[in-house]
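Listed below, chain by chain, are the residues.
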Amino acid sequence: MGMTVAEKILARASGVAHVAAGEVVEPAVDLAMSHENAALVMNQFAQIYEGTGLKARVWDPDKIAIVFDHRVPAETAKTATNQKKVREFVAAQGITKFHDISADGGGICHQILPESGYVRPGMVVVGTDSHTSTHGALGAMAIGVGATDMAGVWALGRMVNVEVPGSIKVVADGEFGPSVGPKDLILYLIGMLSAEGANFRVIEFHGRAVRGMSLSGRLVVCNMSVEAGATCGIVPADDETVRYLREEAGVVDPMEAVSPDGDAVYEETLEIDVSRIEPQVARPHTVDNVGPVGDVEGTRIDQVVIGSCTNGRLDDLETAAAVLRGNRVAKGTRMLVFPASWRIYKEALARGIIADLVGAGAIIMNPGCGCCLGVHQGALGDGEVALATTNRNFKGRMGNPDASVYLASPLTAAVSALHGAITDPRKEGG
Amino acid sequence: MSASYRARVVLRLGDDVSTDAIYPGRFMATVLPTETPQYCFADVIEFNRRLRDGEVPPGSVIVADRNFGTGSSREQAASCLKGWDLVVVANNYSRIFLQNAVNLGLRLVVCPGIEASEGDELELSAEAVTNLRTGATFLVEPLPPARQAIVDAGGLIPYIRRRVTEARAG
């Protein structure tokens, strides 16, 4: 019986020739990522060794990545102290892939890992962040876990008692219409599947629309796969994956793509003709509450947010800048932009993108996650409405349970910013 | 699992209860399981107050519909519930939340079709949940063996501790 990409990766990492969905394996981990919640991982890690007389040493300091991104720079003494403790731990354990609060190498973990060339096709990546699913865009198996699971990985270098997930095959063919792209595709798919439609399963992406997508677009699709509950979204590696890793991430070592077997078994196959997808919007307060932009057109917005681990990459900022260049954000609407990393920020500066955005009245924030999850600036007032390119719109998400968040693509968000209301980007000739 | 016991439903929720609802993001700088319970369901203000005022006995039950714990990987969502010794009975759970609960020893009951309202008294056993007000009984789905093994070990920390000790000894 053939294997899916997830099954092949987990079989290799577990040292067996074959696995099938439902089997229990203990895959070796190639990369283990945490952000500020490394503070909790450290606490759980220390507990593992309590009373054993053994020294708490991580299994491989070169395979652990720690990226500060959730609350940067620290907003309170408590956060600053947590970050300080993590820095001390990093130094004591000799952890090499550490990205501190700095314009030199800092940013959001789900951009830092790809752009640093840490993630390669075929790897097993675990991260203490649900959006770790992002890294499946590079043909890896990337799994979000909690802090105690990560403490186990730090100790053993493997995940224990892992049930091999089944896979859903999504075949996206056709050409995107004008003003429609990867964000609209993934919102549409989440609407189709529901918030739990892929729970405990992997989504494996195929089809010409996915093959034709830049790595940046694939990261968007895999990032939000978890919003349908998926353990991981995977785009099997191809020429674009190799191009990105060689040209943009500076990887020089050999790489090996993992493709599914012709007779791989999928739980379900979904075919989508992307030419039929309109610009999509997820309405409050669940990500699967999705419909075409026309359903919510005219909804007044107090704040537009472009950025985050979902849509804060150079092409996203460029799209927004092209809309805003020479225009102004509507009076009464605030616009916040969070580049996904400092490398992107600096590239956007060099290309004049930042000047275009600022010229239109947008505020450029430093790269980070804070606004998306309501922990660090950009909070909403009571009754306020935001339109964001981020990945979640749960009640309370942007810091206020009495506010509402709508989700859309960078293009829809930028066009809407000009009008102060949700607007169909096709009407602007976008 | 222990024999059956009786407990009251102290909170009744619907589908897709997110980790942001269970443990709002703004309290995420607080990480230690000893400190997270104070923010459990912080935006469900009256319930949070009852917890902090000691009005919710240990073992009390939260009943929800589908996909409980959807969203982020924040372990605070499991540790804050565990801290008050609450039990969750829901149709099914989101993957990461379920795993975090198993790892920390928070008791989750997978109970498809559960029907109960706030204030109802339930009888819970390893096999079934009975609503003593309506008399209806709902079967419990056992955890897969790979997860039950972690529960039986007392959580992931003791489970890994044993592995680490064996590895060093071997």
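For clarity, every value in this text was computed on a predicted model and none was experimentally measured.

1. A short note on the overall build of chain A
Stage number 1. Check the secondary structure of chain A and you find 14 helices and 18 strands.
Stage number 2. Computed over the C-alpha atoms, the radius of gyration of chain A is 21 Å, within 12% of the 22 Å expected from 2.2 N^0.38 for a compact globule of 430 residues.
Stage number 3. Its C-alpha atoms put chain A at 65 × 55 × 40 Å along the principal axes.
Stage number 4. By sequence separation, contacts in chain A at least 24 residues apart represent 76% of the contacts at least 6 residues apart.

2. Quick notes on the overall build of chain B
Stage number 1. In terms of helices and strands, chain B carries six helices and seven strands.
Stage number 2. Traced from its N-terminal end to its C-terminal end, chain B shows the element sequence β-α-α-β-α-β-α-β-β-β-β-α-α.
Stage number 3. Whereas a compact globule of 170 residues would reach a radius of gyration of roughly 15 Å, chain B reaches 16 Å, a difference of no more than 12%.
Stage number 4. Taking the principal axes of its C-alpha atoms as reference, chain B extends roughly 55 × 35 × 25 Å.
Stage number 5. When the 170 residues of chain B are sorted by exposure, 46% land in the buried category.
Stage number 6. When contacts within chain B are restricted to residue pairs at least 6 apart in sequence, long-range pairs at least 24 apart make up 64% of them.

3. Some details on the interface of chain A and chain B
Stage number 1. The interface of chain A with chain B comprises 46 residues on the first partner and 39 residues on the second.
Stage number 2. Within the residue set of the side of chain A that touches chain B, elements represented by two or more residues are helix H2 (38–49), helix H3 (77–93) and helix H5 (147–156) of chain A.
Stage number 3. Here the residues of the side of chain A that touches chain B sort into 15 nonpolar, 22 polar and nine charged.

4. Some words on H2(A)
Stage number 1. Taking 1.5 Å per residue, 12 residues should reach 16 Å; H2(A) reaches 17 Å between its end C-alpha atoms and fits that length.
Stage number 2. Of all the positions in H2(A), only A:Ala38, A:Ala39, A:Leu40, A:Val41, A:Met42, A:Gln44, A:Phe45 and A:Ile48 are classed as buried.
Stage number 3. In this fold, the buried residues of H2(A) make contact with strand E2 (31–34), strand E3 (64–67), H3 and H5 of chain A together with helix H6 (156–169) of chain B.
Stage number 4. Where H2(A) terminates, the next one or two residues include A:Gly51, which has phi positive at roughly 75°.

5. A closer look at the sheet that holds strand E8 (residues 166–173) of chain A
All names here are of chain A.
Stage number 1. Reading across from one edge, E10-E9-E8-E11 is the order of the four strands in this open sheet, with parallel pairing throughout. Looking at the sheet topology across the chains shown, the edges are occupied by strand E10 (232–234) and strand E11 (268–273). Across the sheet, the mean angle from the axis of one strand to that of its neighbour is 20°, orientation sign disregarded.
Stage number 2. Note that strand E9 (residues 201–206) and E10 share three bridges and pair parallel. From the neighbouring strand, Val202 faces E10, where its bridge partner is Cys232.
Stage number 3. Those strands touched by helix H1 (residues 5–14) are E8, E9 and E10, and its axis lies near 105° from that of E10.

6. Looking at the confidence of the model for chain B
Regions with low pLDDT should not have their predicted coordinates read in detail.
Stage number 1. Predicted confidence across chain B gives a mean pLDDT of 96, with 98% of residues reaching 70 or more.
Stage number 2. The ipTM assigned to the predicted complex is 0.96, against a pTM of 0.97.

7. Observations concerning the domain arrangement of chain A
Interface size is commonly expressed as the accessible area that is lost once the parts come together.
All names here are of chain A.
Stage number 1. In terms of domain boundaries, chain A breaks down into domain 1 (5–272) and domain 2 (281–428).
Stage number 2. Taken together, the contact between domain 1 and domain 2 spans 33 residues of the former and 30 residues of the latter.
Stage number 3. Contributing elements (two or more residues each) for the side of domain 1 that touches domain 2: helix H4 (109–115), helix H6 (182–193) and helix H8 (215–223).
Stage number 4. The biggest single contributor to the side of domain 1 that touches domain 2 is H6, with six residues.
Stage number 5. Its residues assigned to classes, the side of domain 1 that touches domain 2 comprises 11 nonpolar, 15 polar and seven charged.

8. Description of the sheet that holds strand E7 (residues 137–139) of chain B
All names here are of chain B.
Stage number 1. As summarised here, the arrangement of the seven strands in space is E4-E3-E2-E1-E5-E6-E7, forming an open sheet in which the pairing is mixed. Here the strands that pair on one side only, and so sit at the sheet edges, are strand E4 (107–110) and E7. Shown here is a sheet whose adjacent strand axes are inclined to one another by a mean of 30°, direction ignored.
Stage number 2. Pairing of strand E2 (residues 61–64) with strand E3 (residues 87–90), which is carried by four bridges, proceeds in the parallel orientation. When the bridges of E3 are listed, Ala64 appears paired with Ala90.

9. Side note on the nonpolar core
Stage number 1. Among the nonpolar cores identified, the biggest contains 190 residues, and A:Met141, A:Trp154, A:Ala386, B:Val88 and B:Val89 are the most heavily contacted of them.
Stage number 2. Sequence-distant contacts of B:Val89, defined by excluding residues within four places in its chain, comprise B:Val61, B:Val63, B:Val109, B:Cys111, B:Ile114 and B:Val129.

10. Brief notes about unusual backbone geometry
All names here are of chain A.
Stage number 1. Residues Val72 and Pro73 are joined by a peptide bond in cis, for which omega reads -20°.
Stage number 2. Along the chain, Pro73 turns up in the loop between E3 and H3.
Stage number 3. Following Pro284, the chain continues to His285 via a peptide bond in cis, the omega torsion being -5°.
Stage number 4. With a phi angle near 55°, Asn161 is a residue other than glycine that sits in the positive phi range.

11. Looking at the environment of A:Tyr118
All names here are of chain A.
Stage number 1. Topologically, Tyr118 is positioned in the loop between H4 and strand E5 (124–127).
Stage number 2. Using a count of 21 C-beta atoms within 10 Å as the deciding quantity, one classes Tyr118 as buried.
Stage number 3. Along the primary structure Tyr118 and Ala322 are separated by 204 residues, whereas in three dimensions their C-alpha atoms are 31 Å apart.
Stage number 4. Tyr118 has contacts with Leu31, Ala65, Lys97 and Leu113, leaving out every residue within four places of it along the chain.

12. Details of the packing of helix H3 (residues 76–83) of chain B against helix H4 (residues 95–104) of chain B
Residues and elements named next belong to chain B.
Stage number 1. One way to put it is that H3 packs onto H4 with a least axis distance of 9 Å and a crossing angle of 45°. Taken together, the axis directions place H3 and H4 in an arrangement best described as oblique. Remark: the crossing between H3 and H4 carries right-handed chirality. Seen from H3, the contacting residues are Ala77, Ala78, Ser79 and Lys82; seen from H4, they are Phe97, Asn100, Ala101 and Leu104.

13. A closer look at helix H14 (residues 410–419) of chain A
All names here are of chain A.
Stage number 1. In terms of residue burial, H14 counts as a mostly covered element, since eight of its 10 residues are buried.
Stage number 2. Residues of H14 that are buried: Pro410, Leu411, Thr412, Ala413, Ala414, Val415, Ser416 and Ala417.
Stage number 3. Lining the buried residues of H14 we find strand E12 (280–282), strand E14 (303–307), helix H10 (308–311), helix H11 (314–324), strand E15 (334–338) and strand E17 (385–388).
Stage number 4. Immediately beyond the C-terminal end of H14, within one or two residues, lies Gly420, with a positive phi of roughly 70°.

14. Section: the pairing of E3(A)
Residue and element names in this part refer to chain A.
Stage number 1. The alternating pattern of E3 places Ile64 and Ile66 on one face and Ala65 and Val67 on the opposite face, and all of these are buried.
Stage number 2. Strand direction decides the pairing type here: E2 and E3, joined by three bridges, are parallel. What sits directly across from Ala32, in E3, is Ile64.
Stage number 3. Read as a crossover between parallel neighbours, the route from E2 over H2 to E3 is right-handed.

Calculation notes
- Throughout, a residue's number is its position along its own chain's written sequence, starting from 1.
- Lettering for chains starts from A, numbering for ligands starts from 1, and both go in the order in which the items are written.
- Confidence filtering applies because this is a predicted model: local features only for residues at pLDDT of at least 70, side-chain atom pairs given and counted only at 80 or more, and all residues used for totals across whole chains, interfaces and linings.
- Only DSSP runs of H or I with at least four residues qualify as helices, and only runs of E with at least two residues qualify as strands; both kinds are numbered from the N terminus onward.
- Radius of gyration: over C-alpha atoms. The globule rule applied is 2.2 Å multiplied by the number of residues raised to the 0.38 power.
- Contacts here follow a simple rule: the backbone-placed C-beta atoms of the two residues must lie within 7 Å.
- Exposure is read from a count of other C-beta atoms within 10 Å of each residue's own; the residue is exposed at 12 or fewer, buried at 20 or more and partly exposed in between. C-beta atoms are placed from the backbone.
- Under the scheme applied, nonpolar residues are Ala, Val, Leu, Ile, Met, Phe, Trp, Tyr, Cys and Pro; charged residues are Asp, Glu, Lys and Arg; polar residues are all the others, including Gly.
- By this rule the span expected of a helix is its residue count minus one, scaled by 1.5 Å.
- One bridge is not enough; two strands pair if DSSP finds at least two bridges between them.
- Think of each axis as a best-fit line through the C-alpha atoms, taken over the contacting stretch in the case of a helix, with angles from 0 to 180 degrees between the N-to-C directions.
- One confidence number per residue, pLDDT, is output by the predictor and ranges from 0 to 100.
- The split of the chain into domains comes from an automatic or database domain assignment.
- A set of buried Ala, Val, Leu, Ile, Met, Phe, Trp, Tyr and Cys residues, joined through C-beta atoms within 7 Å, is what we mean by a nonpolar core.
- Angular relationships are summarised with four words: roughly parallel below 35 degrees, roughly antiparallel beyond 145, roughly perpendicular across 65 to 115, and oblique for the angles in between.
- Two helices cross in a left-handed way if the nearer one is turned anticlockwise from the farther one by less than a right angle. They cross in a right-handed way if the turn is clockwise.
- Call a crossover right-handed when, viewed with both strands pointing away from you, the route from the first strand across the helix to the second goes clockwise.

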